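# Geometric and topological summary
Listed below are the residues making up each chain.
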Amino acid sequence: MDTSSAHQDREEAERLSTAVGVLADFLSRQPLTQALASLEHRLEGAGGMDAIRVAEDGHVVPELLVSALTVRESLGRINDLIHACGILLVLPHILGDEERIAVRPSLGAGNDLSRPYDLETDQRIAEFKLARWRGADTMRKRQTFKDLVMLAADTSGRRAELFVIGPEPRRFLTTSTSTAAWALDRTPGALRTFTTVFGAPSMSVAQFTETHAAHVQITDLRDLLPESVAALLQ
């Protein structure tokens, strides 16, 4: 191994060690499930300034998300923590002055039947996708389209938003010729919703995005996350 490679390996090992230490400190305070539940309960009814305090009190800081992303790259996926950090760090930037979180948010990756969206306020519904697309993204494509369908199917009149990482998700949603049937064939519940609300799923993903989902705003989270986090997601 040459000197430059050895130096690079040492630097990567040091970054990982530091990141693991930050995560260990956070997780030593209480189990992750309890920490997320506590944050969720505190966010119900919260506004933008309240979200700042909840994040600070819960020790959810940019360094925690940077560390979680670093560890995920090296040691595997810790999606729940990344999902929760991403939402919490973005909330103060998206919630309006009079906007309040109406339903306990879903900070962990995935939703249950009682909380169909990651975020529901008195003014908006939103889904957050914090995975970077790397080329072999079939499952991510299907999950992102499923979220778009469920947001578009909402009839509450609230603003609908889909938050993603990078340009690839938007490009897929606006250009793909794959059919809605293909995109939803692993999520039968979403397929039933599509058929009930929008009709036969023979239209393409791009056609659906342009028509039925035209009102759903697609936002790149890199424009909202702290600079130290966004730099890792370039």
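The following refers to the structure shown. Not measured: the values here are computed from a predicted model.

### Remarks on the pattern of salt bridges
Evaluated as defined, the whole model comprises 17 salt bridges. The residue R115 makes a salt bridge to E40 at a minimum N-O spacing of 3.3 Å. One end of the pair, R115, is in the loop between α5 (79-94) and β1 (119-120); the other, E40, is in helix α2 (residues 32-43), with 75 residues separating them in the sequence. The salt bridge partner of R124 is E99, with a shortest N-O separation of 2.7 Å. Highlighted residues: R124 in strand β2 (residues 124-128) and E99 in the loop between α5 and β1, separated in sequence by 25 residues. As far as the burial class goes, R124 and E99 line up, both buried. Each of E99, R124, R159 and E161 takes part in salt bridges that share partners, so that together they form one network.

### Notes on the environment of S17
Along the chain, S17 turns up in helix α1 (residues 3-29). Overall, S17 belongs to the exposed group, its relative accessible area being 51%.

### As for the nonpolar core
Membership of the largest hydrophobic core comes to 40 residues, with the highest contact counts inside it found for L43, V60, L88, L91, F128 and L225. Put simply, the parts of the chain that give this core at least two residues each are α1, α2, α3 (48-57), α4 (62-75), α5 and β2. Residues in contact with L43, not counting those within four places in the same chain, are A51, V54, L88, L91, I101, P105 and L107. Counting residues in each nonpolar core, the second largest holds 26 residues, with W133, L162, L184 and V205 among its members.

### Here we look at the environment of K146
Take K146: it is sitting in helix α6 (residues 138-153). Taking the C-alpha atoms as reference, K146 lies 7.6 Å from T187; in sequence the two are 41 residues apart. One polar contact links K146 to D147, side chain to side chain, over a distance of 3.1 Å.

### Notes on the packing of α3 against α5
Following both chains from N to C, one finds α3 and α5 inclined at 150°, their axes separated by 8 Å at the closest point. Looking at the two axes, α3 sits roughly antiparallel to α5. At the point where α3 passes α5, the crossing takes the left-handed sense. Counted together, G48, A51, I52, V54 and A55 of α3 and L88, L91 and P92 of α5 form the full contact between these two elements. In terms of residue class, the contact of α3 with α5 is built from seven nonpolar, one polar and no charged.

### With respect to the sheet that holds β1
Spatially, the four strands line up as an open sheet ordered β1-β2-β3-β4, and their pairing is mixed. Two strands in the sheet have a free side with no partner beyond their single neighbour: β1 and β4 (217-220). Note: strand β3 (residues 159-164) against β4, four bridges, orientation parallel. Paired with F163 across the bridge in β4 is T219.

### Describing the packing of aromatic side chains
Within the structure shown, the criterion is met by six aromatic pairs. Between W133 and F172, the aromatic rings sit 6.0 Å apart at their centres with planes inclined by 55°, giving tilted as the arrangement. Residue W133 is found in the loop between β2 and α6, and its partner F172 is found in helix α7 (residues 168-175); the two are separated by 39 residues along the sequence. Like W133, the residue F172 is buried in the burial classification. An angle of 70° between the planes, with centres 5.4 Å apart, marks the rings of F145 and F208 as edge-to-face. Linking F145 in helix α6 with F208 in helix α10 (residues 205-210), this pair joins segments that are 63 residues apart in sequence.

### Thoughts on unusual backbone geometry
Unlike most non-glycine residues, H59 shows phi in positive territory, near 60°. Residue position: H59 is located in the loop between α3 and α4. Classification of H59 by relative accessible area gives partly exposed; the value is 35%.

### Re α3
The periodicity of an α-helix, 3.6 residues per turn, causes residues three or four places apart in sequence to face the same way. All of the buried residues along α3 are G48, A51, V54 and A55. Seen from one end, α3 has its buried residues packed into an arc of 110°, which puts them on one side. Away from its buried face, by an angle of more than 90 degrees, α3 presents the exposed residues M49 and E56. Those residues of α3 that are buried lie in contact with α2 and α5. A positive backbone phi angle near 60° is found at H59, which sits one or two residues after α3.

What counts and what doesn't
- Residues numbered from 1 in each chain as written.
- Predicted model: local features only at pLDDT ≥ 70, side-chain atom pairs only at ≥ 80, totals over all residues.
- Heavy atoms only, no water.
- Salt bridge = Lys/Arg side-chain N within 4 Å of Asp/Glu carboxyl O.
- Helix = DSSP H or I, 4+ residues; strand = E, 2+ residues; numbered from the N terminus.
- Buried < 20%, exposed > 50% of the residue type's maximum accessible area, 1.4 Å probe, protein only.
- Core = buried A, V, L, I, M, F, W, Y, C linked by side-chain atoms within 4.5 Å.
- Contact = heavy atoms within 4.5 Å.
- Polar contact = N/O pair within 3.5 Å; in protein donor to acceptor, adjacent residues only side chain to side chain.
- Axes fitted to C-alpha atoms, helices over the stretch in contact; angles between N-to-C directions.
- Parallel < 35°, antiparallel > 145°, perpendicular 65-115°, else oblique.
- Left-handed = near helix turned anticlockwise from the far one by under 90°.
- Nonpolar A, V, L, I, M, F, W, Y, C, P; charged D, E, K, R; others polar.
- Pairing = 2+ DSSP bridges.
- Phe/Tyr/Trp six-rings, centres within 6.5 Å; stacked < 30°, edge-to-face > 60°.
- Arc of directions from axis to C-beta.

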